[in-house]
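# Remarks on the overall topology
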Amino acid sequence: MILSHLSLAQFRSWPRLALDLDARPVALYGPNGSGKTNVLEAISMLSPGRGMRGAPPADQARQGVGAGWRIRARIGEDEVETTAPPAARREVAMNGKPAPQTALGALMRVIWLTPAMDRLWTEAPEGRRRFLDRITLSFHPDHAEASLGYDKAMRERNRLLRDQVTDPGWYRALESQMASAGARLTANRLAALDAITAAQDESTGFPAARLRLMAGEGFADDPSEADIAGRLAAMRPRDLAAGRSLTGPHRADLGASWGAQDMPAALSSTGEQKALLLSLILANARALSDQPVLLLLDEVAAHLDADRRDALYDQITALGAQSFLTGTGPELFAEFAGRARRFAVARPDTASEIREAD
Ligand SMILES: Nc1ncnc2c1ncn2[C@@H]1O[C@H](COP(=O)(O)OP(=O)(O)OP(=O)(O)O)[C@@H](O)[C@H]1O
């Protein structure tokens with residue numbers, strides 16, 4: 001099952017775009033700001049949520065036009081449409097009927113790597129947690145529900161903490177909901193890390209990472225529901241002083257190290273960090289090989305040496321996952337040697353244009 005057609009209307013720099021696709025990887029090249037990433041972002045909107053830039057729909061509508069955007073796609077036998085009218089929420093329709101965003105997740109898994117993730121290993125845990133949760137969601141669709149349940153109970157607990165409520169009776173039910181959802185979050189995350197670990201393959205030229213879930217300050221790596229409830233109760237005085245929940249699965253972090261020296265990812269070179277991320281993304285796609293997977297790799301080639309690029313393109317071809325890559329020039333895709341379709345993207349004025357290279 002593949003994405004065989006994509007058309008855009010008034011999405012970012014694209015007044016219109018229509019692409020008929022086959023299973024071959026697609027390489028988009030062109031100057032900075034020509035609109036390559038905008039295409040990948042539009043494809044990422046074929047999954048639930050805010051897409052790979054995390055942008056609100058209003059930012060995605062073509063500036064100065066005053067209309068909303070529309071994305072249409074054929075995925076397998078299904079016609080998918082997602083639209084965001086001006087000042088309204090995004091809507092999804094499948095085969096002409098309104099559908100929830102979660103229906104998109106059931107069609108195919110969209111996995112992406114963006115330049116904004118280059119500092120993932122060195123910046124705050126939040127980015128790593130989001131990365132881990134996206135991977136986890138690709139294996140466990142119930143992860144989103146557990147996450148919503150946890151957040152809802154935590155928001156209510158935080159309200160009590162802000163209001164300086166000290167009566168334990170008010171906290172017990174909420175902490176028990178947080179503990180039950182939090183144990184599910186943790187179990188899903190650990191299972192996803194196991195799946196990724198098993199699917200890493202160093203023979204591909206990408207380093208295998210040793211991955212570790214750090215479940216939160218004062219927690220064991222695999223806390224049970226009772227552990228979480230106990231810790232939340234014990235933390236109440238400190239949380240009351242802070243006016244919010246300071247520890248728990250919402251503060252979990254992902255640790256990664258690799259190689260004979262067990263080098264932490266944060267101490268590795270920029271190119272090594274990128275290779276490590278790619279290794280995880282490829283393992284994610286490999287572990288999902290029984291499902292349709294779409295890979296969006298934005299500007300990944302620039303940081304890689306020619307050998308790693310060669311290895312990446314070999315892997316993409318071997319995986320058979322439909323892939324979209326961007327880069328500033330066609331030379332970055334030379335190692336595909338005819339295995340990918342290449343498109344030149346340009347933006348002579350405010351509108352982006354596309355042309356397939358010979
Ligand atoms: N809502 C919008 N309406 C119109 N144009 C937009 C909108 N949002 C962003 N743009 C334009 O899109 C361009 C960015 O496009 P994109 O990120 O796809 O570039 P790119 O080809 O990937 O460039 P780079 O190589 O620098 O990453 C910017 O020049 C920006 O002005």
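Residues numbered from 1 in each chain as written. Predicted model: local features only at pLDDT ≥ 70, side-chain atom pairs only at ≥ 80, totals over all residues.

## Considerations on the site of the ligand
In the region of the ligand, 18 residues are neighbours, and Asn-32, Gly-33, Lys-36, Thr-37 and Asn-38 sit closest. Of all the secondary-structure elements, those providing two or more residues to the shell around the ligand are α1 (36–44) and α2 (57–60). In terms of residue count, α1 provides more of the shell around the ligand than any other element does, 3 residues in total. Within the shell around the ligand, the residues separate by chemical class into 1 nonpolar, 12 polar and 5 charged. (Near = placed C-beta within 6 Å. Helix = DSSP H or I, 4+ residues; strand = E, 2+ residues; numbered from the N terminus. Nonpolar A, V, L, I, M, F, W, Y, C, P; charged D, E, K, R; others polar.)

## Observations regarding the packing of helix α6 (residues 168–199) against helix α8 (residues 270–287)
A pair of packed helices is captured by two measures, namely the crossing angle of their axes and the spacing between those axes. Between α6 and α8, whose axes approach to 8 Å, the crossing angle comes to 95°. It follows that α6 is roughly perpendicular to α8 by the angle criterion. Taken together, the residues of α8 that come into contact with α6 (itself represented by Ala-195, Ile-196 and Ala-199) are Leu-280, Ala-283, Asn-284, Arg-286 and Ala-287. (Axes fitted to C-alpha atoms, helices over the stretch in contact; angles between N-to-C directions. Parallel < 35°, antiparallel > 145°, perpendicular 65-115°, else oblique. Contact = placed C-beta atoms within 7 Å.)

## Some details on the domain arrangement of the protein chain
When its domains are assigned, the protein chain resolves into domain 1 (1–108 + 292–358) and domain 2 (121–289). Each of domain 1 and domain 2 has a C-alpha centre, and these two points are 29 Å apart. Contact with domain 1, which involves 13 residues of that partner, is made by 13 residues of domain 2. If one sorts the elements of the side of domain 1 that touches domain 2 by residue count, helix α9 (residues 306–319) sits on top with 6 residues. When grouped by side-chain class, the residues that make up the side of domain 1 that touches domain 2 number 8 nonpolar, 3 polar and 2 charged. (Domains from an automatic or database assignment.)

## So, the UniProt feature "binding site: ATP" (unreviewed entry) in the protein chain
Following the UniProt record, one finds the feature "binding site: ATP" (unreviewed entry) at Gly-30, Pro-31, Asn-32, Gly-33, Ser-34, Gly-35, Lys-36 and Thr-37. On the secondary structure map, Pro-31 appears in the loop between β3 (26–29) and α1. Mapped onto the elements of the fold, Thr-37 is located in helix α1. C-beta crowding within 10 Å serves as the criterion here: with 23 such atoms nearby, Thr-37 is assigned to the buried category. Setting aside anything within four residues of it in sequence, one finds Thr-37 in contact with Asp-298 and Thr-326. (UniProt positions renumbered as here; feature names shortened; annotations may be inferred. Buried ≥ 20, exposed ≤ 12 C-beta atoms within 10 Å, placed from the backbone.)

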